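Observations on the model geometry
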Amino acid sequence: MSKNQIRKAYKAKRTLLSKEEIEEQSMAIANQLLSLHVWDYQFYHLFLSIAQHKEVDTEFLLHILSGKDKNIVVSKSDFTTLEMQHFLLTDATPIKINEWGIPEPQNGIEIQPQQLEVIFLPLLAFDLNGNRIGYGKGFYDRFLEKCSPNVVKIGLSFFEAEKHPIEASPLDIPLDYCVTPEKVYTF
């Protein structure tokens, strides 16, 4: 299957998930994450879930990071340049849902990509080689390009890995881990 076919298939699979299933599976993913040895870092990049796209709810992970007193960084997307700007999430950070349904900071303390040590990535599908498929705009690939080569990249998915390899371009940056409700994949 092509990337577009896979993207379409996984969007359709997500539409079948109930609110209760999303909550239950998101909590299971957060619990699976606790088994990873990634909790000694300080700067963690977290995506804020797009509810209308039925993404993994990162609220549980946000609570884990807060409880461990980590620096949590969230992004603001620029759909003109297809770039993201990153801000430290504090109690004073104003969050607003943009016209695409993405909760994002309006301003705050800017953090450079090179400062980030762990990045949690949204995705639609992934394969056994750590290749991922997102929404197709390339925001995360451009972002990861600017990060340290040692940054830990963790995908979050409701669904298990695609058995057949996903076509990867030279610009695609593979994951180090992908966490589902049932399993942690290491690449």
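Anyway, here's the lowdown on the structure attached to this text. Keep in mind it's a predicted model, so treat the numbers as computed, not measured.

Criteria and cut-off values
- Residues numbered from 1 in each chain as written.
- Predicted model: local features only at pLDDT ≥ 70, side-chain atom pairs only at ≥ 80, totals over all residues.
- Heavy atoms only, no water.
- 1 Å grid on protein atoms, 1.4 Å probe; cavity = no way out; pocket = protein on both sides within 12 Å on 5 of 7 lines; lining within 4 Å.
- Points joined across faces, edges and corners; volume = space filled by probe spheres on them.
- Nonpolar A, V, L, I, M, F, W, Y, C, P; charged D, E, K, R; others polar.
- Helix = DSSP H or I, 4+ residues; strand = E, 2+ residues; numbered from the N terminus.
- Patch = residues over 30% accessible without salt bridge, like charges linked within 9 Å, V, L, I, M, F, W, Y side chains within 5 Å.
- Areas by Shrake-Rupley, 256 points an atom, 1.4 Å probe, with all protein chains shown as cover.
- Salt bridge = Lys/Arg side-chain N within 4 Å of Asp/Glu carboxyl O.
- Lys, Arg positive; Asp, Glu negative; His and termini not counted.
- Charge placed at Lys NZ, Arg CZ, Asp CG, Glu CD.
- Contact = heavy atoms within 4.5 Å.
- Pairing = 2+ DSSP bridges.
- Right-handed = clockwise from strand over helix to strand, strands pointing away.

1. Quick look at the layout of surface pockets
Here the largest pocket defines a volume of roughly 680 Å³. Forming the boundary of the largest pocket are 33 residues, of which Tyr135, Gly136, Lys137, Phe139 and Tyr140 lie nearest the centre. Residues belonging to the lining of the largest pocket are distributed by class as follows: 18 nonpolar, seven polar and eight charged. Every residue lining the second largest pocket is counted, 14 residues in all, and those nearest its centre are Ser49, Ala51, Glu55, Asp57 and Thr58. At the level of elements, α2 (19–33) and α3 (59–67) are the ones that each hand at least two residues to the lining of the second largest pocket. With three residues, the single largest contributor to the lining of the second largest pocket is α2.

2. A word on a negative patch on the surface
Residues Glu20, Glu21, Glu23 and Glu24 make up a contiguous surface patch of negative charge. Assignment of secondary structure puts Glu23 in helix α2.

3. Side note on the environment of Leu46
Inspection of the secondary structure assignment puts Leu46 in the loop between β1 (43–45) and α3. For the pair formed by Leu46 and Glu182, sequence separation is 136 residues and the distance between their alpha carbons is 21 Å. Non-local contacts of Leu46, meaning those with residues more than four positions away in its chain, are made with Thr58, Leu61, Leu62, Leu65, Ile72, Val73, Val74 and Phe120.

4. Topic: the pairing of strand β2 (residues 71–78)
As paired strands, β1 and β2 are joined by three bridges and run parallel to one another. Each residue of the ladder has a partner; that of His45, found in β2, is Val73. On the question of chirality, the crossover connecting β1 to the parallel β2 by way of α3 is right-handed. Sheet analysis places β2 next to strand β3 (residues 83–88), joined by six bridges and oriented antiparallel. By the bridge assignment, Ser75 is partnered in β3 with His86. Remark: four residues form the turn of the hairpin made by β2 and β3, two consecutive strands paired antiparallel; Leu82 in that turn has positive phi of roughly 60°.

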